[in-house]
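Remarks on the overall topology
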Amino acid sequence: MSVDTKATPPPLDPPLDPAAVERPTANEPLTPAGVRRRRLGPGALLRWLLLLVASIAFTYPLIWLVGAALKPKSQVFDNRLVPETVQWSNFVEVWDAGPVVRWLFNSGVVSVMAALAVTFSSAFVAFGFAYFRFRLRGPLFGLVLATMMLPGAVTMIPVYLIWHQLGLIDTQVPLWANNLFGSAFYIFLMRQFFLGIPRELFEAARIDGCSHLGLFRRIALPLCRPALIIVFIFELQASWSDLLKPLIYLQTEEYFTMPRGLKQIVDGFALSGEYHWEIAMAATLVATLPMIVVFAFAQRYFLEGLATTARQG
């Protein structure tokens, strides 16, 4: 007797009863795909309204700056966002007001050097506080955090005297070399991130013969890349817009950064007795655009770093 070796197909599901399908009511809005759309409650509407107001508050100064940079002198402060008369020659006169290209280059060099210095020096110190177990680790870390309570004016004169003794006044070195000693805020931020890395990774590497410097370079730094990006972008922006240090240490126009150059342009208008605010606004817009471009390209890494650091904290 032969046996049928073919598998019996499974029974088909019974057809759906159209009457049993849940249908949206007439008052519920439908999307083009026929899916019910969730209505926004009062809380959600309030949040969206607050976000809209905050967005307008943060973008209005930039929009006003763009409009003022395109206006003639008589219309700069008329509070119109859209210029009545567009004057593109303001941007041509900016380059004639001073060596703007040189100032932009100086700002870029100083900002990158300052960001790199503070990023790796802070990461190095933070790794020491996170990995090593030693006596007085807690009090020493608290002492580092306590330095954030000191106003910058307290250390301004002693630091100036140190650079003066080293013969580095009127050079760009004091603008970024201070960051070689790290920043208390960045040390705290990166230490919290390092504490979130499993210690077993370091112990396994130590068994394989990895040195402490190798732990920092091969394990800690790659795993804390989001935090490094956060610190780098923060310091890049802070150094780019800093006016106080260039005002203290720089006297030669060739070494000026862009904020220091902008002040010289405005001071030149004051000495002549006639302020050309349209040129000052155009120069300010030129100085602002590089940071907007940097944030536009680094936005994905910036948000990833914020989210990752928040989870680690």
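Refer to the structure printed above.
Residues numbered from 1 in each chain as written. Predicted model: local features only at pLDDT ≥ 70, side-chain atom pairs only at ≥ 80, totals over all residues. Heavy atoms only, no water.

Topic: the overall build of the chain
In terms of regular secondary structure, the chain is built from 13 helices and zero strands. Each helix and strand of the chain, placed in order from N terminus to C terminus, yields the pattern α-α-α-α-α-α-α-α-α-α-α-α-α. Looking at the chain residue by residue over its 313 residues, the buried ones come to 33%. Contacts in the chain between residues far apart in sequence, at least 24 positions, make up 68% of those at least 6 positions apart. Carbon and sulfur atoms form 67% of the exposed surface of the chain, whose accessible area is close to 20,200 Å². (Helix = DSSP H or I, 4+ residues; strand = E, 2+ residues; numbered from the N terminus. Buried < 20%, exposed > 50% of the residue type's maximum accessible area, 1.4 Å probe, protein only. Contact = heavy atoms within 4.5 Å. Areas by Shrake-Rupley, 256 points an atom, 1.4 Å probe, with all protein chains shown as cover.)

Details of the pattern of salt bridges
Applying the stated criterion across every chain, the model contains five salt bridges. Arg 80 is the partner of Glu 84 in a salt bridge, and the nearest nitrogen-oxygen pair spans 2.6 Å. Judged by its relative accessible area of 55%, Glu 84 is exposed. We classify Arg 80 as partly exposed; its relative accessible area is 41%. Its salt-bridge partner being Glu 254, residue Arg 102 comes within 4.0 Å of it at the nearest N-O pair. Here Arg 102 is found in helix α3 (residues 100-131), whereas its partner Glu 254 is found in the loop between α11 (244-249) and α12 (258-272), with 152 residues between them in sequence. For Glu 254, a relative accessible area of 44% puts it in the partly exposed group. (Salt bridge = Lys/Arg side-chain N within 4 Å of Asp/Glu carboxyl O.)

Considerations on the nonpolar core
Grouped together as the largest cluster of nonpolar side chains are 32 residues, with contacts concentrated most on Ala 69, Phe 91, Val 94, Val 100, Trp 103, Met 258 and Met 281. Counting only elements with at least two residues in this core, the list comes to α1 (42-69), α2 (89-97), α3, α6 (173-176), α12 and α13 (277-312). Among the elements that make up this core, the one with the highest residue count is α13 (eight residues). Beyond its immediate stretch of four places on either side in the chain, Phe 91 contacts Ala 69, Leu 70, Ala 282, Leu 285 and Val 286. The next biggest cluster of nonpolar side chains, apart from the first, holds 28 residues, and it includes Phe 127, Ala 130, Phe 193 and Ile 197. (Core = buried A, V, L, I, M, F, W, Y, C linked by side-chain atoms within 4.5 Å.)

Observations regarding the packing of aromatic side chains
Counting across every chain of the model gives 16 aromatic pairs. Taking 5.5 Å as the distance between ring centres and 5 degrees as the angle between the ring planes, the aromatic pair formed by Phe 127 and Tyr 131 counts as stacked. Of the two residues, Phe 127 and Tyr 131 both sit in helix α3, four residues apart, roughly one turn of that helix. Judged on exposure class, the residue Phe 127 and its partner Tyr 131 are both buried. The interplanar angle of 70 degrees and the centroid separation of 5.4 Å between the aromatic rings of Tyr 131 and Phe 202 together place this pair among those described as edge-to-face. (Phe/Tyr/Trp six-rings, centres within 6.5 Å; stacked < 30°, edge-to-face > 60°.)

Examining the packing of helix α4 (residues 137-146) against helix α7 (residues 184-195)
Packed helix pairs are specified by the crossing angle of their axes together with the interaxial distance, meaning the distance between the axes. α7 packs onto α4 with a crossing angle of 135 degrees between their chain directions and a minimal axis gap of 8 Å. The pairing of α4 with α7 is recorded here as oblique in orientation. Here α4 and α7 pass one another in a crossing that is left-handed. Across from Phe 141, Val 144 and Leu 145 in α4, the residues of α7 making contact are Ala 184, Ile 187, Phe 188 and Arg 191. The residue inventory of the contact of α4 with α7, partitioned by class, reads six nonpolar, no polar and one charged. (Axes fitted to C-alpha atoms, helices over the stretch in contact; angles between N-to-C directions. Parallel < 35°, antiparallel > 145°, perpendicular 65-115°, else oblique. Left-handed = near helix turned anticlockwise from the far one by under 90°. Nonpolar A, V, L, I, M, F, W, Y, C, P; charged D, E, K, R; others polar.)

Comments concerning the side chain of Gln 75
Mapped onto the secondary structure, Gln 75 falls in the loop between α1 and α2. Look at Gln 75 and you get buried, because its relative accessible area is 15%. Dropping the residues within four chain positions of it, Gln 75 is found in contact with Glu 84 and Thr 85.

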